[in-house]
Amino acid sequence: MKRAFQIISFILLAQLSINSIATAQMQLTEQDILNTQEKGIAELEQYMEGYLLDNYANYGISGDFAHLLKIEDYRKYLRKVSQIKRVDSKTILLTTSDTEIKVTIDKGRISIRNPFSCAPCEKLSNAPIETKYWIADNLKEEDKNITISVYTKSNILLGKFTYDFNKDVNYGLFTPKFASKETKLYTESEYHYPYVAEFHYFDKEGSEKIIDINNNIISNIDYNKPMTVVAHDFWGKKANIRQYTLCASCGSYEYEAYIRNDDQQFSAQAIKMLKHYQSVEIKDILCQGRNGEPCRAMSFYITID
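Throughout, residues of each chain are indexed from 1 in the direction in which the sequence is written. Selection of residues for local features in this predicted model requires a pLDDT of at least 70, selection of side-chain atom pairs for listing and counting requires 80 or more, and totals for whole chains, interfaces and linings are taken over all residues. Working from all heavy atoms in the structure, the side-chain values ignore hydrogens and water.

1. Re the overall build of the chain
The line we're drawing: Starting at the N terminus, helices and strands are each numbered in turn, a helix being any DSSP run of H or I of at least four residues and a strand any DSSP run of E of at least two. Whether a residue is buried, partly exposed or exposed follows from its accessible area with a 1.4 Å probe, protein chains only, as a fraction of its type maximum: under 20%, in between, or over 50%, in that order. Contacts between residues were defined by any pair of non-hydrogen atoms, one from each residue, lying within 4.5 Å. To measure how exposed things are, a 1.4 Å probe is used in the Shrake-Rupley method; for residues, cover is taken only from the protein chains shown.
A count of helical and extended segments in the chain gives three helices and 22 strands. Scored against the burial criterion, the 305 residues of the chain give a buried share of 40%. Restricting the contact set of the chain to residue pairs at least 6 apart, pairs at least 24 apart contribute 54%. For the chain, the accessible area works out to roughly 18200 Å², and carbon and sulfur atoms hold 50% of it.

2. Observations regarding the pattern of salt bridges
Put simply, the rule reads: Within this document, salt bridges are pairs made up of a side-chain nitrogen of Lys or Arg and a carboxyl oxygen of Asp or Glu, the two lying within 4 Å of each other.
Enumeration over the complete set of coordinates arrives at twelve salt bridges. Measuring nitrogen to oxygen at the nearest pair gives 3.8 Å for the salt bridge that ties Lys85 to Glu100. Of this pair, Lys85 sits in strand β3 (residues 83-88) while Glu100 is found in strand β5 (residues 100-105), placing the two residues 15 residues apart along the sequence. Classification of Lys85 by relative accessible area gives partly exposed; the value is 35%. Note that Lys283 and Glu256 form a salt bridge whose closest N and O atoms lie 3.3 Å from each other. One end of the pair, Lys283, is in strand β20 (residues 279-288); the other, Glu256, is in strand β19 (residues 253-260), and 27 residues separate them in sequence. Judged by relative accessible area, which is 25%, Glu256 ranks as partly exposed. Within the structure, one salt-bridge network assembled from shared partners comprises Arg86, Arg109, Glu122 and Asp137.

3. Notes on the sheet that holds strand β1 (residues 53-56)
Stated formally: Note on pairing: DSSP must find at least two bridges between two strands before they are called paired.
What the six strands build is an open sheet, ordered β7-β6-β8-β2-β1-β11; its pairing is mixed. Of all strands in the sheet, those bounded by a partner on one side alone are β7 (120-121) and β11 (169-170). The sheet contact formed by β1 and strand β2 (residues 60-64) spans three bridges and is antiparallel. In the strand pairing of β2, Asn55 is matched with Ile61.

4. Some thoughts on the nonpolar core
A general feature of soluble globular proteins is that nonpolar side chains tend to end up buried together. In plain terms, the rule: Nine residue types can take part in a nonpolar core, namely buried Ala, Val, Leu, Ile, Met, Phe, Trp, Tyr and Cys, and a core is a set of them joined through side-chain atoms within 4.5 Å.
In terms of nonpolar packing, the biggest core is built from 65 residues, with Phe65, Leu94, Trp134, Ile146, Phe199, Phe266 and Ile282 touching the most fellow members. Among the elements that line this core, the one with the most residues is strand β18 (residues 238-250), at five residues. Filtering out sequence-adjacent residues up to four positions away, Ile282 remains in contact with Phe199, Val229, Tyr244, Thr245, Leu246, Phe266, Ser299, Phe300 and Ile302.

5. So, the sheet that holds strand β10 (residues 157-164)
So the rule is basically this: Lines fitted to C-alpha atoms define the axes, with helix axes restricted to the stretch in contact, and inter-axis angles between N-to-C directions lie between 0 and 180 degrees.
The five strands are arranged β3-β4-β5-β9-β10 in an open sheet whose pairing can be described as antiparallel. Because the sheet does not close on itself, it has two edges, and the strands there are β3 and β10. Direction aside, neighbouring strands of the sheet carry axes that sit 15 degrees apart on average. On the sheet, helix α2 (residues 71-78) packs against β4 (91-95), β5, β9 (145-152) and β10 and is oriented at approximately 110 degrees with respect to β5.

6. So, the packing of aromatic side chains
Any pair of aromatic rings gets described here by the distance separating the centres and the angle formed by the planes. Cut-off, in case you're wondering: Stacked, edge-to-face and tilted labels apply to pairs of Phe, Tyr and Trp rings (six-membered ring for Trp) whose centres lie within 6.5 Å, assigned for plane angles under 30 degrees, over 60, and everything in between, in that order.
Across all of its chains, the model carries nine aromatic pairs by this definition. A centroid spacing of 6.4 Å and a plane angle of 40 degrees characterise the contact between Tyr244 and Phe266, whose relative ring orientation is tilted. Taken as a pair, Tyr244 in strand β18 and Phe266 in the loop between β19 and α3 (268-276) lie far apart in primary sequence, 22 residues in all. When its relative accessible area of 2% is taken as the criterion, Tyr244 is described as buried. Members of the aromatic cluster, each reached through a chain of ring pairs, are Phe199, Tyr201, Tyr244 and Phe266.

7. With respect to unusual backbone geometry
For Asn138, which is not glycine, the phi dihedral falls at a positive 55 degrees. With respect to the secondary-structure elements, Asn138 resides in the loop between β8 (133-137) and β9. Even without being glycine, Asn155 reaches a positive phi, approximately 70 degrees. Along the chain, the position of Asn155 falls in the loop between β9 and β10.

8. Quick notes on the environment of Gly50
Turning to its location among the elements, Gly50 is positioned in the loop between α1 (2-49) and β1. Here the alpha-carbon distance between Gly50 and Asp168, two residues 118 residues apart in the chain, equals 8.5 Å.

9. Comments concerning α3
The condition is simple: Arc, as used here, means the arc of the directions from the helix axis to the C-beta atoms.
Those residues of α3 that fall on the buried side of the exposure criterion are Ala270, Ile271, Met273 and Leu274. Projected onto a plane normal to the axis of α3, the buried residues spread over an arc of 160 degrees and lie on a single side. In this structure, α3 carries Ala268, Lys272, Lys275 and His276 as exposed residues pointing more than 90 degrees from its buried face. On its buried side, α3 packs onto β14 (196-202), β18, β19, β20 and β22 (300-304).

Shown next, in the form of structure tokens:
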């Protein structure tokens, strides 16, 4: 009987020890989770502190709503947006299934950036969807900054920030990540550059002509006059070009002429290529950005009429 009592006591003590260890492990795990969450929030705040707007030379500038809003507000108002309503050029309304927010801008024209590209969009074709980014266009060269504000339906301010165009915009080269409509996974896609380029030449009547990515047909060119490439950002501010390449293809052969900073005008080789081939590409356009950083401008074709 005494031995049986000792065995039962030993089993109970062992069970109590196991429960104590399990409880301690559970408490440790919960604390680890809290520490991890706090670390994640701290890292997010640290990341957002140095946040820069994206600059699309042919679209405008774009920012992340997560920089303007608290995490809980972002999840509540932007994860499942079903409709965009335009009030005016500076105000849009974003609607979810049960609520609405107002986004305002003090300069230019505010839009939602297309979730599947970099262009502004007025209508969501695949709603509801996460509308992560805003985009502003119709900005003027003399504009120095931009203020974005987000309000609830009852006009309570959720977030507001003024971005300085000299220090809060990314003027460097970057590759955006687009979401695939089929897989909804983010993958690297085509390059979008913060600068666009133009080809300047003179016609035989002595008038200066400008060719760009949207107007690329050359006619009546005077090959004896200077020909240059000029790069500028969304506001029209010119960038100092360091070098670029003139490229022509004929069957499986490719011919190139390099133009460097010390001689930005077309070389004799480049002019010869321009005369001989109907279509040439101006590519690998390297320039010095607004704040001195190295940048690229979008390549484009020019066609001889």
